[in-house]
Amino acid sequence: MNSLHDLLAIRRSIRQYKNEPLTPEEVKTILEAGLLSPTGKNCRAWHFIAVDNPEMLQRLSECKASGAGPVARCALAVVVAVDITASTTWVEDASIAAAYMMLQARDLGIGSCWIEVNARLAADGTPAEDIVSELLGLPEQIQPLCIVTFGYPDEDRKPQNTDKLLWERVHLGTFRPEQC
Ligand SMILES: Cc1cc2nc3c(=O)[nH]c(=O)nc-3n(C[C@H](O)[C@H](O)[C@H](O)COP(=O)(O)O)c2cc1C
């Protein structure tokens with residue numbers, strides 16, 4: 001098992017996947033990580049739509065003009081959506097859940113990539129969230145933020161180089177513009 005700090009450095013976006021399904025236990029563990037994530041006022045208004053049907057994955061991958069290719073190639077995609085009538089922090093709630101699932105996946109040796117849906121457009125100008133909602137039958141108040149793709153990695157990504165972190169973005173005591 002990795003330490004959490006190691007995990008943060010070795011998690012990279014993985015966009016190429018082996019053509020192998022995840023095990024039911026792996027899928028459950030990833031989804032459980034989402035359900036363990038904190039939410040504003042503990043509202044837990046998220047919904048996680050797990051998709052492994054290749055045809056649906058292909059259609060979801062076309063929800064925006066570019067950047068959603070991994071959805072067509074992954075073993076599992078989890079659409080992270082939130083009931084916006086039940087959460088005033090829906091973007092934050094969905095984001096934290098997505099990040100938890102990505103870190104959990106990496107801990108299992110599974111690659112992942114965040115695919116943004118919110119405020120993105122399909123090739124014909126249709127909002128990506130409308131396409132995702134229509135495909136999955138989401139009610140109007142359930143807003144999708146992103147799709148997280150998962151699969152066994154079929155590419156090597158180096159860990160982040162901790163010598164190159166942007167420490168100039170860290171300000172001690174007060175903001176110091178000369179550090180920017
Ligand atoms: C809010 C957000 C939106 C992103 N949207 C996409 C996306 O639509 N497609 C994609 O391939 N990667 C997307 N990414 C992945 C980023 O490109 C990636 O995290 C960044 O380049 C850093 O690389 P790393 O994750 O390998 O460290 C997104 C990441 C975040 C946090």
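Because the structure is predicted, anything quoted here is derived from the model rather than measured.

Caption draft 1: Quick look at the site of the ligand. Neighbouring the ligand are R11, R12, S13, R15, K64, G67, C113, W114, I115, E116 and R157. With respect to the ligand, the side chain of S13 contributes an N or O atom lying 2.6 Å from an oxygen atom. Protein chains bury 61% of the 620 Å² of accessible surface belonging to the ligand in isolation.

Caption draft 2: Focus on the packing of helix α2 (residues 24-35) against helix α5 (residues 90-107). Close contact between α2 and α5 brings their axes to 7 Å; oriented N to C, the two are set at 145°. Taken as a pair, α2 and α5 cross one another with a handedness that is right-handed. From α2, T29, I30, L31, A33 and G34 reach across to α5, where they touch A97, Y100, M101, Q104 and A105. Of the residues belonging to the contact of α2 with α5, the class tally is seven nonpolar, three polar and no charged.

Caption draft 3: Local environment of the packing of aromatic side chains. All chains considered together, the criterion is met by one aromatic pair. Residues W46 and F48 carry aromatic rings whose centres are separated by 5.2 Å and whose planes lie at 35° to one another, so their mutual orientation is tilted.

Caption draft 4: Just α5, in detail. For α5, which comprises 18 residues, the first-to-last C-alpha distance of 26 Å matches the rise-based estimate of 26 Å (1.5 Å per residue) to within 8%. Every buried residue belonging to α5 is among W90, D93, A94, A97, A98, M101, M102, L103 and A105, and all of these are buried. Tucked inside the fold, the buried residues of α5 contact α1 (4-10), α2, β1 (46-51), β2 (76-83), β3 (111-116) and β4 (142-151). Remark: G109 follows α5 within two positions and exhibits a positive phi of approximately 80°.

Caption draft 5: Quick look at the side chain of T149. Here T149 shows up in strand β4. Here Y17 takes part through its side chain, which lies 2.7 Å from a polar atom of the side chain of T149.

Caption draft 6: Representation of the sheet that holds β3 within the structure. A sheet is described by the order of its strands in space; here four strands give the open sequence β1-β2-β4-β3, paired in antiparallel fashion. With one partner strand each, in any of the chains shown, β1 and β3 form the two edges of the open sheet. Each adjacent strand pair in this sheet contributes to an overall mean axis angle of 25°, direction not counted. Sheet analysis places β2 next to β4, joined by eight bridges and oriented antiparallel. Its bridge partner lying in β4, V82 is registered against Q143. Contacts between α2 and the sheet are confined to β1, β2 and β4, with β1 contributing the most and set at about 165° to the helix. Together, β1, β2 and β4 form the strand contacts of helix α3 (residues 54-61), whose direction differs from that of β1 by roughly 120°.

What counts, and at which threshold
- Residues numbered from 1 in each chain as written.
- Predicted model: local features only at pLDDT ≥ 70, side-chain atom pairs only at ≥ 80, totals over all residues.
- Heavy atoms only, no water.
- Near = heavy atom within 4 Å.
- Polar contact = N/O pair within 3.5 Å; in protein donor to acceptor, adjacent residues only side chain to side chain.
- Areas by Shrake-Rupley, 256 points an atom, 1.4 Å probe, with all protein chains shown as cover.
- Axes fitted to C-alpha atoms, helices over the stretch in contact; angles between N-to-C directions.
- Helix = DSSP H or I, 4+ residues; strand = E, 2+ residues; numbered from the N terminus.
- Left-handed = near helix turned anticlockwise from the far one by under 90°.
- Contact = heavy atoms within 4.5 Å.
- Nonpolar A, V, L, I, M, F, W, Y, C, P; charged D, E, K, R; others polar.
- Phe/Tyr/Trp six-rings, centres within 6.5 Å; stacked < 30°, edge-to-face > 60°.
- Expected span 1.5 Å × (residues − 1).
- Buried < 20%, exposed > 50% of the residue type's maximum accessible area, 1.4 Å probe, protein only.
- Pairing = 2+ DSSP bridges.

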